[in-house]
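Here is how the chains run, residue by residue.
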Amino acid sequence: MNVFLLSITLGVNAEGLNRAVDMPSLCYEGMESYYSSLPRFSAMNAQGLELWYGKLTDSTVMITGSISNSAFHNPDKDNYSYITADTIIVPEKVQHSDTTYTVVQTNPYGVFNNVSSLTTVYLPKTIALIGDTVRYTEMWGYDDCADSDGDCNFGFVQSSNLQKVHIDAENPYYVSIDGIVYTKDMKDLVLYPRGRKETKYNPIEGCQRIQRAAFYGANSLQEVELPNSVKSVGHYAFHGCTCKTIILKDSVEMIGVHAIGRFVEDLHIGAQLKVVPYHGIRWADIKAIHSYALVPPTVTMSWTVNQDTKVYVPRNSISAYRNAPVWEKYNDFYPIEPPIVAGVD
């Protein structure tokens, strides 16, 4: 097993606390071994709830599941089974065996799995990593697909009723906009809680990246239109999301593995997307595809396509699409004409 040790300086928070954490960038098996080996302890938070932590260094910990530090999002129904509260407040400091630890990370997998009552989580100013820094390209060797700057984030994907994740205003790394988490500079959408009730959401203008699993499992969304500023859509970004319409504008240059899931019926692909990576889009359930690229995007590997899907492409590119790998499997091509211009402004 190859192990890549990635030393990350997490910066200085408002109190001047210099935090550095050494994180291994590993394959899935390596992540499991690393996280499972971390010493664990529990401590009561301000609400009187027993929360569990994995020790990262002599002074830092991550918030983790009550069953184990497993790196996999195991839907274990016993995880935090004793919690019935609708709100959990994660502290910035915890005490254990006469040592005070700073909470700097959320476990990348399964923090509050199956806490069905949970609708709101508060994260402290000390949280520097929501997820992990392992890169999907390092794990699997895919060099032609999106990978944002730090983010193996499946920590909340099994929290099916979670509606808001609040971030302390003094946190220098993340910010919460009505319960939706972005990086502090607003360039990355990190986490859209899956239990939110709106049917349409447009990320803020200026956002450049949709991080890995950002919309994973969102169970009310029907439509997402990305702003013209978004350049990449991370792995599993819309996996399991009930969204039926996804609009990727011309600014989107890369998407990740399993980025577009099986519920999408109407997909708009902007003109700058050149490559669709391994299982990047689940084609079989899509009823209409609007691709604005003059040259058909290269589809490296794919699920089975639905031959009856209607494919809308630039008029002068219909022949190219009919003869391109994977695209050639479709029967019905139509020219993009006004008012079908959702992929561009």
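Residues numbered from 1 in each chain as written. Predicted model: local features only at pLDDT ≥ 70, side-chain atom pairs only at ≥ 80, totals over all residues. Heavy atoms only, no water.

Asks: What's the story with the overall build of the protein chain in this structure? I'm lost.
Replies: When helices and strands are tallied, the protein chain shows 3 helices and 26 strands. In the protein chain, which comprises 345 residues, the proportion classed as buried is 56%. Carbon and sulfur atoms make up 49% of the accessible area of the protein chain, which amounts to about 14,000 Å² in all. (Helix = DSSP H or I, 4+ residues; strand = E, 2+ residues; numbered from the N terminus. Buried < 20%, exposed > 50% of the residue type's maximum accessible area, 1.4 Å probe, protein only. Areas by Shrake-Rupley, 256 points an atom, 1.4 Å probe, with all protein chains shown as cover.)

Asks: Help me understand the pattern of salt bridges in this model?
Replies: If the charged atoms of two oppositely charged side chains come close together, the side chains can form a pair. A full pass over the atoms with the stated rule returns 11 salt bridges. Here Glu-223 ties to Lys-200 by a salt bridge, and the two come within 3.8 Å at their closest N and O atoms. With a gap of 23 residues between them, Glu-223 in strand S17 (residues 223-225) and Lys-200 in strand S15 (residues 200-201) connect regions that are remote in the sequence. For Glu-223, a relative accessible area of 23% puts it in the partly exposed group. Take Lys-200: its relative accessible area is 43%, and that puts it in the partly exposed class. One network of salt bridges, with partners in common, ties together Lys-164, Asp-178, Arg-196 and Glu-198. (Salt bridge = Lys/Arg side-chain N within 4 Å of Asp/Glu carboxyl O.)

Asks: Got a minute to help me understand the pairing of strand S7 (residues 93-96) in this structure?
Replies: Where a strand is regular, its side chains alternate between the two sheet faces. For S7 and strand S8 (residues 99-106), the ladder comprises 4 bridges, and the chain directions are antiparallel. Within S8, the residue paired with Val-94 across the bridge is Tyr-101. Between the end of S7 and the start of S8, which pair antiparallel, lie 2 residues, with Ser-97 showing a positive phi angle near 50°. (Pairing = 2+ DSSP bridges.)

Asks: Just to check I follow, could you spell out the environment of Thr-298 for this structure?
Replies: Looking at where Thr-298 falls in the secondary structure, it is placed in strand S24 (residues 298-299). On the basis of relative accessibility, which here comes to 45%, the residue Thr-298 falls in the partly exposed class. Spatially, the C-alpha atom of Thr-298 lies 8.5 Å from that of Val-326, the residues being 28 residues apart in sequence. Not counting chain neighbours up to four residues away, the residues in contact with Thr-298 comprise Lys-274, Val-275 and Val-276. (Contact = heavy atoms within 4.5 Å.)

Asks: Is there a simple way to think about the side chain of Ser-220 in this case?
Replies: Considering the arrangement of structural elements, one finds Ser-220 in the loop between strand S16 (209-210) and S17. From its side chain, Ser-220 meets the backbone oxygen of Arg-196 in a polar contact 3.3 Å long. Ignoring anything within four residues of it in the chain, the contact list for Ser-220 reads Arg-196, Lys-197, Glu-198, Thr-199 and Thr-242. (Polar contact = N/O pair within 3.5 Å; in protein donor to acceptor, adjacent residues only side chain to side chain.)

Asks: Is there a simple way to think about the sheet that holds strand S21 (residues 266-269) in this case?
Replies: Backbone-to-backbone hydrogen bonds pair the strands of a sheet. The strands run either parallel or antiparallel. The parallel open sheet is built from 7 strands, whose spatial order is S15-S17-S19-S21-S23-S25-S26. At either margin of the open sheet sits one strand with a lone partner, and together these are S15 and strand S26 (332-335). Two strands pair when backbone bridges link them, and strand S19 (residues 245-247) and S21 are joined in this way by 3 bridges, in the parallel orientation. Bridge pairing links Ile-247 to His-268 in S21.

Asks: For this particular structure, what's the right way to read the nonpolar core?
Replies: As a rule of thumb, nonpolar side chains are buried together in soluble globular proteins. Core analysis: the largest hydrophobic core is formed by 47 residues, its most contacted members being Leu-189, Ile-210, Phe-215, Val-233, Phe-238 and Trp-283. Residues Val-61, Tyr-80, Tyr-101 and Val-103 belong to the second largest nonpolar core, which totals 32 residues. (Core = buried A, V, L, I, M, F, W, Y, C linked by side-chain atoms within 4.5 Å.)

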